[in-house]
Amino acid sequence: FTYDPGFTCTASCTSGITYVDGPKGQCLYRGYPVAELCAKCDFMEVAHLLLNGELPGKQEKKEFIDRIESEYLVHERFRDFFKVFRMNAHPMAIMVAATGSLSAYYHDNLDWSKPDDREICAMRLIAKMPTLAAMAYKSHIGEPVVYPRAGMTYAENLLHMMHATPTKS
């Protein structure tokens, strides 16, 4: 279902991360209004907030970004993974398959009872999503993969990988 009138097919739960009160027009992440986060924070600050419960200080943000950037690359065999899809396959279907297959490549930290393992998995997912999205898109349009670059923001990197070509950056 993509349209759910009356909230009849959608599960709800209590969350310590997100609070939504539709009639009051409230949407909060960890107690912060989402509109305020959009206006005042970047993606990495909000990702840190969602994972750790608080906005990062300057040094925490730098360390968080460094950890994310260290995980940008995916295993080189992922290039072959994308070759099995038809040229007209929907990029979201490709993303679902690619995301699921990460556990085959990065199975060393899958003990969900350990908080450190859960954190490593979360960091890897955040880091690898733009790379996988760009690979799925490039595969869909028949262009070669462009790798991520350290030093660009998260969004800049995604746009770079989606729109650059090996002959120009």
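Note that the structure is predicted; figures quoted are calculated from it, not measured. Along each chain, numbering runs from 1 in the same order as the chain's sequence is written. Only residues with pLDDT of at least 70 are given local features in this predicted model, and only at 80 or more are side-chain atom pairs given and counted; all residues enter the totals for whole chains, interfaces and linings. With hydrogens and water stripped out, all remaining heavy atoms of the structure feed into the side-chain values.

**Structural notes on unusual backbone geometry**
The backbone of Arg30 shows a phi angle near 50°, a positive value even though the residue is not glycine. Structurally, the position occupied by Arg30 is in the loop between strand S2 (26–29) and strand S3 (32–33). Secondary structure elements follow DSSP: runs of H or I no shorter than four residues count as helices, runs of E no shorter than two count as strands, and numbering proceeds from the N terminus.

**Examining the packing of helix H3 (residues 58–69) against helix H6 (residues 115–141)**
To get an axis, a line is fitted to the C-alpha atoms, and for a helix only the part in contact is used. The angle between two axes follows their N-to-C directions and goes from 0 to 180 degrees. Orientation of H3 relative to H6, taken along the N-to-C sense of each, is 75°, at an axis distance of 8 Å. As summarised for this structure, H3 and H6 are arranged roughly perpendicular, according to the angle between their axes. Contacts between H3 and H6 pair Phe64, Arg67 and Ile68 from the former with Glu119, Ile120, Met123, Ile126 and Ala127 from the latter. Each residue receives one of three labels: charged for Asp, Glu, Lys and Arg, nonpolar for Ala, Val, Leu, Ile, Met, Phe, Trp, Tyr, Cys and Pro, and polar for the others, Gly being one of them. Grouping the constituent residues of the contact of H3 with H6 by class yields 6 nonpolar, no polar and 2 charged. The labels follow the angle: roughly parallel below 35 degrees, roughly antiparallel above 145, roughly perpendicular from 65 to 115, and oblique for the rest. Here, residues are in contact when the closest pair of their heavy atoms is within 4.5 Å.

**Description of the pairing of S2**
One ladder, built from 4 bridges, connects strand S1 (residues 18–21) with S2; its direction is antiparallel. Pairing of Tyr19 across the sheet is with Leu28, part of S2. At least two bridges found by DSSP between two strands are what make those strands a pair. Hairpin connection of S1 to S2: 4 residues between the antiparallel strands, including Gly25 at a positive phi of 70°. Note that S2 and S3 share 2 bridges and pair antiparallel. Within S3, the position partnered with Leu28 by the bridge is Pro33.

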